[in-house]
Amino acid sequence: MSEDFPVRVDQRGAVAIWTIDREERRNSLSRGTLLALGKLSREAASNDSIRAIVVTGAGTKAFCAGADLKERQGMSENDVRRQIELYRSELRPLEASPKPVVAAINGVALGGGFELAILCDLRVAAPHAELALPETGLGIIPGAGGTQRLPRIVGEARAKEMILTGRRLNAAEALAWGLVNRVSPAGVDVVDDTIAFLEPIASGAPIAQAAALEAIDRSFDVSLAHGLELEKVSYDKTLVSEDRREALAAFAEKRKPRFTGR
Ligand code: COA
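In this text, all values refer to a predicted model and were calculated from it rather than measured experimentally.

Draft legend 1. A look at the site of the ligand. Not every one of the 17 residues close to the ligand is listed here, only the nearest: R26, A65, A67, L69 and K70. Side-chain polar atom of R26 to an oxygen atom of the ligand: 2.9 Å apart, as the coordinates give it. The fraction of the free accessible surface of the ligand (870 Å²) that becomes covered by protein chains is 61%. Breaking the shell around the ligand down by element, the ones donating at least two residues are helix 2 (69-73) and strand 6 (108-110). Classifying every residue of the shell around the ligand by side-chain character gives seven nonpolar, two polar and eight charged.

Draft legend 2. Region of interest: the sheet that holds strand 4 (residues 62-64). Taken together, four strands build an open sheet; the order of strands is 4-6-8-9 and the sheet is mixed. Two strands close off the open sheet at either side, each with one partner strand: strand 4 and strand 9 (169-170). Across two bridges, strand 8 (residues 130-132) lies against strand 9 in antiparallel orientation. Following the sheet pairing, L131 is matched in strand 9 by L169.

Draft legend 3. View of the environment of L122. On the secondary structure map, L122 appears in strand 7 (residues 122-125). Sequence separation between L122 and A14 is 108 residues; the distance between their C-alpha atoms is 17 Å.

Draft legend 4. Representation of the packing of helix 5 (residues 146-154) against helix 6 (residues 156-165) in the model. As a packed pair, helix 5 and helix 6 sit with axes 7 Å apart at the nearest point and diverge in direction by 135°. Here helix 6 runs oblique to helix 5, going by the angle between their axes. Pair helix 5 / helix 6 crosses with right-handed handedness. Between helix 5 and helix 6, the contacting residues are G146, T147, L150, P151 and V154 on the first element and E156, R158, A159, M162 and I163 on the second. Residues of the contact of helix 5 with helix 6, tallied by class, amount to six nonpolar, two polar and two charged.

The rules behind the values
Residues numbered from 1 in each chain as written. Predicted model: local features only at pLDDT ≥ 70, side-chain atom pairs only at ≥ 80, totals over all residues. Heavy atoms only, no water. Near = heavy atom within 4 Å. Polar contact = N/O pair within 3.5 Å; in protein donor to acceptor, adjacent residues only side chain to side chain. Areas by Shrake-Rupley, 256 points an atom, 1.4 Å probe, with all protein chains shown as cover. Helix = DSSP H or I, 4+ residues; strand = E, 2+ residues; numbered from the N terminus. Nonpolar A, V, L, I, M, F, W, Y, C, P; charged D, E, K, R; others polar. Pairing = 2+ DSSP bridges. Axes fitted to C-alpha atoms, helices over the stretch in contact; angles between N-to-C directions. Parallel < 35°, antiparallel > 145°, perpendicular 65-115°, else oblique. Left-handed = near helix turned anticlockwise from the far one by under 90°. Contact = heavy atoms within 4.5 Å.

Structure (C-alpha cells):
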C-alpha cells in the first residue's frame, strides 16, 4: 500500500479495477483515498480504453470500513467538515461517471464504505459481505449521501430501518431488498464474478450506456413529464452515433455488433 496513492489500479480488457489498498485499516476512506478516487474518476471519464469500472477493496474482510477513524481522531470539527466536503467533491465524479461503475463488495461495507457502494450504478456482493450504516449509533448521521441515496434504492421504510437501527444486512438480505444486483457463488472471487457479470456492458455500446445512465440519473430530480423530455435529449445522443448504425447493420448481417464508442 502507498499512502500517497492508496488505490491499486488494474485493467482487464476494457474494465478498470480500482482496489482500495489499505487492508490493515480495512480499506477505510482516508483523505488520500478520497483524492485518489476523485483523480481516477476524472481521468477515466475521457479514457476510451475504459468501458466500465469496478471498485473493490483489498483482502476479503472489508470492501470499505467507512471513514478512517484513526485519521479522524486528530481532526477538529472544521477538519471533519472539510473532509465531508471532500466526500462530495471527490466521490461525485465517480457517481456521475459516464461509464458504468460496479461495486464488487468483497467484505463489510460500513458507513462511508456503504455510501461508496450505493453511489455506484450496480453492486455485486460476496456471499459473506455485510452492509450497514452504523452512524446514528456513533452519534452522527450518514454524511456521504446515505440519507438521500438509500431511500431511492430500497424505499423510505427500509432506509429508515437501516439508518436508525444500524443493523448489518447480510448478502442474501441485501439481494432480497434490491440493494445488491447479485451475490457471487461461494468459492468464486467477487471481482472475477463481477467482470463476468459485466461482459454485456464491457462489449456494449458506450454512447447508449452513457445516455441511459444520464436519463435514469436525471429522472430523480424532476417530474415525469420533464423526465420524458430529458429522455428525448439523451436518446438523441444515440441517434447520431455510428454504434447505432453498426447495430442495425449487424442485425441485417446476422452477426454480433462491434461497437467502437463513436
Ligand atoms: N478506520 C481506521 N481503522 C480501522 C477502521 C476504520 N474505519 N476499521 C478498522 N480499522 C482498523 C482497526 O483499528 C484495526 O487496526 P489495529 O490492528 O491497529 O488495531 C484493523 O483495522 C483491523 O480491525 P479489526 O476490528 O481487528 O478487524 P475485523 O476484520 O475483525 O473487523 C470491521 C473489521 C471493519 C468490522 C471493524 O474493524 C469495525 O467495525 N470497524 C469500524 C467500522 C466503523 O464504525 N466505521 C465508521 C462508520 S461511520
